[in-house]
Amino acid sequence: MISGVSQSDLKKAFKIWYKKKYGSYDINKDGIYLLNIFSILAIIISAIGVINNLIICFIQRKKSVVVLSSVGLTLGQRRRMIILESVMIVIWSVGIVSIFAAGCLRMLTEVLIYIRMPFEVPFNYQYIPLMLVTSLIIILIATIPVLIKSNKMSIIEEIKYE
(Lines give C-alpha, C1' and ligand atoms only; values in the text may rest on other atoms or scores of the structure.)
Protein backbone atom coordinates (compact mmCIF):
# COMPACT_ATOMS: atom_id res chain seq x y z
CA MET A 1 0.00 0.00 0.00
CA ILE A 2 1.44 3.37 -1.04
CA SER A 3 0.12 6.47 0.72
CA GLY A 4 -3.21 4.88 1.55
CA VAL A 5 -3.77 3.51 -1.99
CA SER A 6 -3.96 -0.25 -2.34
CA GLN A 7 -2.22 -2.21 -5.07
CA SER A 8 -5.53 -3.32 -6.58
CA ASP A 9 -6.63 0.33 -6.84
CA LEU A 10 -3.38 1.16 -8.64
CA LYS A 11 -3.91 -1.72 -11.07
CA LYS A 12 -7.46 -0.57 -11.79
CA ALA A 13 -6.31 3.00 -12.33
CA PHE A 14 -3.54 1.84 -14.66
CA LYS A 15 -5.99 -0.28 -16.68
CA ILE A 16 -8.40 2.63 -17.03
CA TRP A 17 -5.58 5.00 -18.07
CA TYR A 18 -4.16 2.46 -20.56
CA LYS A 19 -7.61 1.82 -22.12
CA LYS A 20 -8.19 5.55 -22.56
CA LYS A 21 -4.79 6.08 -24.14
CA TYR A 22 -4.40 2.93 -26.30
CA GLY A 23 -7.92 1.53 -26.65
CA SER A 24 -7.34 -1.88 -25.05
CA TYR A 25 -5.48 -3.51 -22.23
CA ASP A 26 -4.27 -6.61 -23.98
CA ILE A 27 -0.52 -6.27 -23.49
CA ASN A 28 0.01 -10.03 -23.67
CA LYS A 29 -1.61 -10.24 -27.11
CA ASP A 30 0.57 -7.41 -28.41
CA GLY A 31 3.66 -9.02 -26.89
CA ILE A 32 2.90 -12.37 -28.51
CA TYR A 33 2.29 -10.65 -31.85
CA LEU A 34 5.67 -8.92 -31.59
CA LEU A 35 7.39 -12.19 -30.70
CA ASN A 36 5.72 -13.85 -33.70
CA ILE A 37 7.11 -11.15 -36.00
CA PHE A 38 10.62 -11.71 -34.64
CA SER A 39 10.17 -15.46 -35.03
CA ILE A 40 9.14 -15.11 -38.66
CA LEU A 41 12.13 -12.86 -39.33
CA ALA A 42 14.42 -15.39 -37.66
CA ILE A 43 13.00 -18.18 -39.83
CA ILE A 44 13.51 -16.14 -43.00
CA ILE A 45 17.08 -15.26 -42.06
CA SER A 46 17.89 -18.86 -41.14
CA ALA A 47 16.34 -20.11 -44.40
CA ILE A 48 18.65 -17.79 -46.33
CA GLY A 49 21.60 -19.10 -44.30
CA VAL A 50 20.68 -22.72 -44.96
CA ILE A 51 20.26 -22.05 -48.69
CA ASN A 52 23.66 -20.35 -48.74
CA ASN A 53 25.13 -23.32 -46.89
CA LEU A 54 23.65 -25.72 -49.45
CA ILE A 55 25.15 -23.82 -52.39
CA ILE A 56 28.55 -23.50 -50.70
CA CYS A 57 28.54 -27.23 -49.88
CA PHE A 58 27.98 -28.03 -53.55
CA ILE A 59 30.69 -25.63 -54.74
CA GLN A 60 33.21 -27.03 -52.26
CA ARG A 61 32.42 -30.62 -53.17
CA LYS A 62 32.41 -30.08 -56.91
CA LYS A 63 35.77 -31.84 -57.32
CA SER A 64 34.69 -34.90 -55.35
CA VAL A 65 31.42 -35.08 -57.30
CA VAL A 66 33.39 -34.93 -60.55
CA VAL A 67 35.72 -37.69 -59.37
CA LEU A 68 32.71 -39.83 -58.41
CA SER A 69 31.16 -39.12 -61.81
CA SER A 70 34.36 -40.16 -63.55
CA VAL A 71 34.26 -43.55 -61.81
CA GLY A 72 30.62 -44.26 -62.58
CA LEU A 73 28.27 -41.96 -60.63
CA THR A 74 25.25 -41.52 -62.88
CA LEU A 75 23.27 -38.32 -63.25
CA GLY A 76 20.34 -39.86 -61.33
CA GLN A 77 22.60 -40.90 -58.47
CA ARG A 78 24.12 -37.43 -58.38
CA ARG A 79 20.66 -35.86 -58.18
CA ARG A 80 19.62 -38.24 -55.38
CA MET A 81 22.82 -37.46 -53.49
CA ILE A 82 22.22 -33.69 -53.70
CA ILE A 83 18.55 -34.00 -52.71
CA LEU A 84 19.39 -36.33 -49.82
CA GLU A 85 22.03 -33.87 -48.64
CA SER A 86 19.42 -31.09 -48.74
CA VAL A 87 16.90 -33.15 -46.78
CA MET A 88 19.50 -34.01 -44.14
CA ILE A 89 20.40 -30.31 -43.78
CA VAL A 90 16.72 -29.56 -43.13
CA ILE A 91 16.28 -32.36 -40.59
CA TRP A 92 19.38 -31.37 -38.64
CA SER A 93 18.49 -27.67 -38.82
CA VAL A 94 14.92 -28.13 -37.58
CA GLY A 95 16.07 -30.47 -34.82
CA ILE A 96 18.76 -28.11 -33.54
CA VAL A 97 16.57 -25.02 -33.87
CA SER A 98 13.69 -26.70 -32.03
CA ILE A 99 15.88 -27.66 -29.09
CA PHE A 100 17.49 -24.22 -29.02
CA ALA A 101 14.14 -22.39 -29.29
CA ALA A 102 12.56 -24.43 -26.50
CA GLY A 103 15.53 -23.70 -24.23
CA CYS A 104 15.56 -19.99 -25.08
CA LEU A 105 11.83 -19.63 -24.46
CA ARG A 106 12.21 -21.42 -21.12
CA MET A 107 15.02 -19.03 -20.17
CA LEU A 108 12.91 -16.06 -21.32
CA THR A 109 10.08 -17.23 -19.07
CA GLU A 110 12.49 -17.48 -16.13
CA VAL A 111 13.89 -13.99 -16.82
CA LEU A 112 10.38 -12.53 -17.01
CA ILE A 113 9.47 -14.19 -13.71
CA TYR A 114 12.69 -12.84 -12.19
CA ILE A 115 11.84 -9.25 -13.19
CA ARG A 116 8.36 -9.74 -11.72
CA MET A 117 6.52 -10.09 -15.01
CA PRO A 118 4.98 -13.56 -14.65
CA PHE A 119 4.49 -14.14 -18.35
CA GLU A 120 4.97 -17.68 -19.64
CA VAL A 121 6.27 -18.06 -23.19
CA PRO A 122 5.70 -21.73 -24.07
CA PHE A 123 7.19 -23.52 -27.06
CA ASN A 124 4.45 -25.08 -29.15
CA TYR A 125 5.82 -28.47 -30.18
CA GLN A 126 2.93 -28.92 -32.61
CA TYR A 127 4.64 -26.47 -34.98
CA ILE A 128 7.69 -28.70 -35.50
CA PRO A 129 6.10 -30.71 -38.36
CA LEU A 130 4.99 -27.43 -39.97
CA MET A 131 8.54 -26.06 -39.66
CA LEU A 132 9.91 -29.28 -41.11
CA VAL A 133 7.58 -29.29 -44.12
CA THR A 134 8.04 -25.57 -44.79
CA SER A 135 11.81 -25.88 -44.55
CA LEU A 136 11.79 -28.91 -46.84
CA ILE A 137 9.80 -27.02 -49.46
CA ILE A 138 12.14 -24.01 -49.27
CA ILE A 139 15.26 -26.18 -49.47
CA LEU A 140 13.95 -28.36 -52.29
CA ILE A 141 13.15 -25.20 -54.27
CA ALA A 142 16.64 -23.89 -53.50
CA THR A 143 18.12 -27.20 -54.65
CA ILE A 144 16.80 -26.70 -58.19
CA PRO A 145 19.63 -24.32 -59.24
CA VAL A 146 22.19 -26.70 -57.72
CA LEU A 147 20.69 -29.59 -59.69
CA ILE A 148 20.79 -27.51 -62.87
CA LYS A 149 24.46 -26.65 -62.25
CA SER A 150 25.11 -30.31 -61.57
CA ASN A 151 23.50 -31.32 -64.88
CA LYS A 152 25.64 -28.84 -66.82
CA MET A 153 28.85 -29.90 -65.09
CA SER A 154 31.47 -31.33 -67.44
CA ILE A 155 33.85 -33.87 -65.96
CA ILE A 156 36.72 -32.88 -68.25
CA GLU A 157 36.29 -29.14 -67.68
CA GLU A 158 36.09 -29.47 -63.89
CA ILE A 159 39.13 -31.75 -63.60
CA LYS A 160 41.07 -29.43 -65.93
CA TYR A 161 40.49 -26.44 -63.62
CA GLU A 162 41.33 -28.36 -60.45
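To keep things clear, this report deals only with the structure shown in the data block. All figures in this text were calculated on a predicted structure; none of them were measured in a lab.

**Points about the overall build of the protein**
Reasoning step 1: What the protein contains, in helices and strands, is six helices and zero strands.
Reasoning step 2: When the helices and strands of the protein are read in sequence order from the N terminus, they spell out α-α-α-α-α-α.
Reasoning step 3: For the protein, buried positions account for 19% of its 162 residues.
Reasoning step 4: Within the protein, residue pairs in contact and separated by at least 24 positions form 70% of the contacts whose partners lie at least 6 positions apart.
Reasoning step 5: Working note: accessible area of the protein is about 12,200 Å², and carbon and sulfur atoms make up 69% of it.

**Things to note about a nonpolar patch on the surface**
Reasoning step 1: Taken together, the side chains of Tyr33, Leu34, Ile37, Phe38, Ile40, Leu41, Ile44, Ile45 and Ile48 define a hydrophobic patch exposed on the protein surface, amounting to about 930 Å² of accessible area.
Reasoning step 2: Positionally, Phe38 belongs in helix H2 (residues 27-60).

**Side note on the packing of aromatic side chains**
Reasoning step 1: All told, the structure shown has one aromatic pair when counted by the stated rule.
Reasoning step 2: Centre to centre, the rings of Phe123 and Tyr125 are 4.9 Å apart; their planes meet at 80°, and the pair counts as edge-to-face.
Reasoning step 3: With relative accessibility at 19%, the residue Phe123 sits in the buried group.
Reasoning step 4: Note on Tyr125: relative accessible area 54%, which makes it exposed.

**As for the side chain of Ser86**
Reasoning step 1: Of note, Ser86 is situated in helix H4 (residues 75-114).
Reasoning step 2: What makes Ser86 buried here is its relative accessible area of 0%.
Reasoning step 3: Here the side chain of Ser86 touches Thr143 through a polar contact of 2.9 Å, side chain to side chain.
Reasoning step 4: With sequence-adjacent residues up to four places away left out, Ser86 is seen in contact with Leu54, Ile139 and Thr143.

**Points about the side chain of Ser69**
Reasoning step 1: Mapped onto the elements of the fold, Ser69 is located in helix H3 (residues 62-70).
Reasoning step 2: The class for Ser69 is buried, based on a relative accessible area of 9%.
Reasoning step 3: Apart from the residues lying within four places of it in its own chain, the contact partners of Ser69 are Arg78 and Ile155.

Criteria and thresholds
Residues numbered from 1 in each chain as written. Predicted model: local features only at pLDDT ≥ 70, side-chain atom pairs only at ≥ 80, totals over all residues. Heavy atoms only, no water. Helix = DSSP H or I, 4+ residues; strand = E, 2+ residues; numbered from the N terminus. Buried < 20%, exposed > 50% of the residue type's maximum accessible area, 1.4 Å probe, protein only. Contact = heavy atoms within 4.5 Å. Areas by Shrake-Rupley, 256 points an atom, 1.4 Å probe, with all protein chains shown as cover. Patch = residues over 30% accessible without salt bridge, like charges linked within 9 Å, V, L, I, M, F, W, Y side chains within 5 Å. Salt bridge = Lys/Arg side-chain N within 4 Å of Asp/Glu carboxyl O. Phe/Tyr/Trp six-rings, centres within 6.5 Å; stacked < 30°, edge-to-face > 60°. Polar contact = N/O pair within 3.5 Å; in protein donor to acceptor, adjacent residues only side chain to side chain.

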